[in-house]
Amino acid sequence: MAGPVGIISAGDMGAAIGAVLVSGGVDVAANLTGRSELTRLRAHEAGIRDAGSTDALVEECGLLLSVLPPSEAVSIAEEVAGAMARTGSTPVFAECNAIAPQTVVRIATLMLDTGAPFIDAGIIGGPPGPGSDPHIYCSGPDTSVLESLRECGLDIRRVGPGFGQASGLKMVYAASTKGTTAVWTELLTAAEAMGLTDALLAEFGDAVDPARHIKAATQMPRRARRWVGEMEEIAATFEHLGLTPRILLGAADMFRLTGETSLADQTSREPDPELGEMLRALAEQANTGG
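My aim in this report is to walk through the structure given alongside it, one point at a time. Note that the structure is a prediction, hence the values are computed from the model and not measured. (Residues numbered from 1 in each chain as written. Predicted model: local features only at pLDDT ≥ 70, side-chain atom pairs only at ≥ 80, totals over all residues. Heavy atoms only, no water.)

**Quick notes on the layout of surface pockets**
Its boundaries defined by the atoms lining it, the largest pocket holds a volume of some 1,500 Å³. What lines the largest pocket is a set of 47 residues, and nearest its centre among them are P127, K178, R223, R226 and W227. Only α1 (12–23), α2 (37–46), β6 (118–124), α7 (165–193), α9 (211–219) and α10 (224–240) provide two or more residues apiece to the lining of the largest pocket. For the lining of the largest pocket, the element with the highest residue contribution is α7, accounting for nine residues. (1 Å grid on protein atoms, 1.4 Å probe; cavity = no way out; pocket = protein on both sides within 12 Å on 5 of 7 lines; lining within 4 Å. Points joined across faces, edges and corners; volume = space filled by probe spheres on them. Helix = DSSP H or I, 4+ residues; strand = E, 2+ residues; numbered from the N terminus.)

Following this line, the structure appears as structure tokens:
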């Protein structure tokens, strides 16, 4: 990989990816201006340096990885495109967020209009680290720059030549995992509200093993607010294909409800809530009208 890699932005996933690249000998930068103390701490721990501004990041880097909540993907892409117009620099832009293929095409058009090469990417799995080795799928006419990061320790997998293919894979996979978490969270909350949690778990018996779903549910609250946008992007993906968007819009509603509680204020550095605590909070929030 020639030149520094820019990370937008240094959250849980972005900082962890940056740490892998730094350990592989890559110069990694981010714009940390205005970011939280926790984000700055993550960047420092990962060895990511502060470029100071989006313009500087665009000027310095040969590749930009956009890794942030789906709801921010378009606005950040517009900000980066503006920086490209101001500086005349056009690094490769890899759109790595959990967004619908049609949203990817919109961002690709924006970048290509500036003269910047574009790569569609989708991350499946948690932040890289002990016990987690996410797959980063990519698609587009030329994905070689992103694929070169395999040499630095990232699992990069090309799926095809079209913009939207990598993000489409992310959408259908996330529907099976996070969508399922939403369904389990809702049914467990409903059981708690009716005083039936113990009876429900007993009825599952050996026929259904809820343990992994319960674990996923209790790990969800700190992610709930950003998962709302992801479920809406999946719903848009399905609707674009002529399928119903309502299943995943319901999942978005469940995450939105969770995001309205204090459970969603926790960070990845705090312990996940106990199941009973979480269900009581959600049942109470639902009972107040959300």
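**Considerations on the packing of α10 against helix α11 (residues 246–259)**
Closest axis-to-axis distance for the α10/α11 pair is 8 Å, and the angle between their directions is 170°. Judged by the inter-axis angle, α10 sits roughly antiparallel to α11. Along its contact with α10, which presents A224, R225, W227, V228, M231, E232, I234, A235 and F238, the element α11 presents L248, L249, A251, A252, F255, R256, T258 and G259. Of the residues that constitute the contact of α10 with α11, the class distribution is twelve nonpolar, two polar and three charged. (Axes fitted to C-alpha atoms, helices over the stretch in contact; angles between N-to-C directions. Parallel < 35°, antiparallel > 145°, perpendicular 65-115°, else oblique. Contact = heavy atoms within 4.5 Å. Nonpolar A, V, L, I, M, F, W, Y, C, P; charged D, E, K, R; others polar.)

**Comments concerning the nonpolar core**
Nonpolar side chains tend to gather and get buried jointly when the protein is soluble and globular. Residues I17, L21, L63, L65, L146, L149 and L154 are the most contacted members of the largest nonpolar core, which totals 31 residues. Top element by residues in this core is α1. It accounts for five residues. If near-sequence neighbours (up to four positions away) are discounted, L21 is found in contact with V5, V26, V28, L65, L149, C152 and L154. (Core = buried A, V, L, I, M, F, W, Y, C linked by side-chain atoms within 4.5 Å. Buried < 20%, exposed > 50% of the residue type's maximum accessible area, 1.4 Å probe, protein only.)

**Comments concerning the pattern of salt bridges**
Inspection of the entire model under this criterion finds 14 salt bridges. Salt bridges sharing partners connect three or more residues here, namely D27, R49 and E60. (Salt bridge = Lys/Arg side-chain N within 4 Å of Asp/Glu carboxyl O.)

**Thoughts on the sheet that holds strand β1 (residues 5–8)**
Taking strand neighbours across the sheet as the criterion, the eight strands line up as β3-β2-β1-β4-β5-β6-β7-β8 in an open arrangement whose pairing is mixed. If you trace the sheet from one side to the other, it starts and ends with β3 (49–50) and β8 (155–160), each paired once. For strand β2 (residues 28–30) and β3, the ladder comprises two bridges, and the chain directions are parallel. Its bridge partner being in β3, A30 is matched across the sheet by D50. Against the sheet, α1 engages β1, β2, β4 (63–66), β6 and β7 (135–139), with an angle of about 165° to β1. On top of the sheet, α7 reaches β6, β7 and β8; it is set at about 20° to β6, its chief contact. (Pairing = 2+ DSSP bridges.)

**Focus: the packing of aromatic side chains**
Tallied over the entire structure, the rule returns four aromatic pairs. Ring geometry for F93 and F118: centres 6.3 Å apart, planes at 15°, overall stacked. Separated by 25 residues along the polypeptide, F93 in strand β5 (residues 92–95) and F118 in strand β6 bring together distant segments of the chain. The pair F93 / F118 is uniform in exposure class, with both members buried. Relative to F163, the ring of F118 has its centre 5.1 Å away and its plane inclined at 90°; by these criteria the two rings are edge-to-face. Of the two residues, F118 is situated in strand β6 and F163 in the loop between β8 and α7; the sequence distance between them amounts to 45 residues. One aromatic cluster in this structure is built from F93, F118 and F163. (Phe/Tyr/Trp six-rings, centres within 6.5 Å; stacked < 30°, edge-to-face > 60°.)

**A short note on empty space enclosed by the protein**
Any space left empty among the atoms is revealed by the rolling of a water-sized probe across them. What the rule picks out here adds up to one cavity of 30 Å³ or more. The computed volume of the largest cavity comes to approximately 40 Å³. Counted by class, the lining of the largest cavity contains eight nonpolar, no polar and no charged residues.

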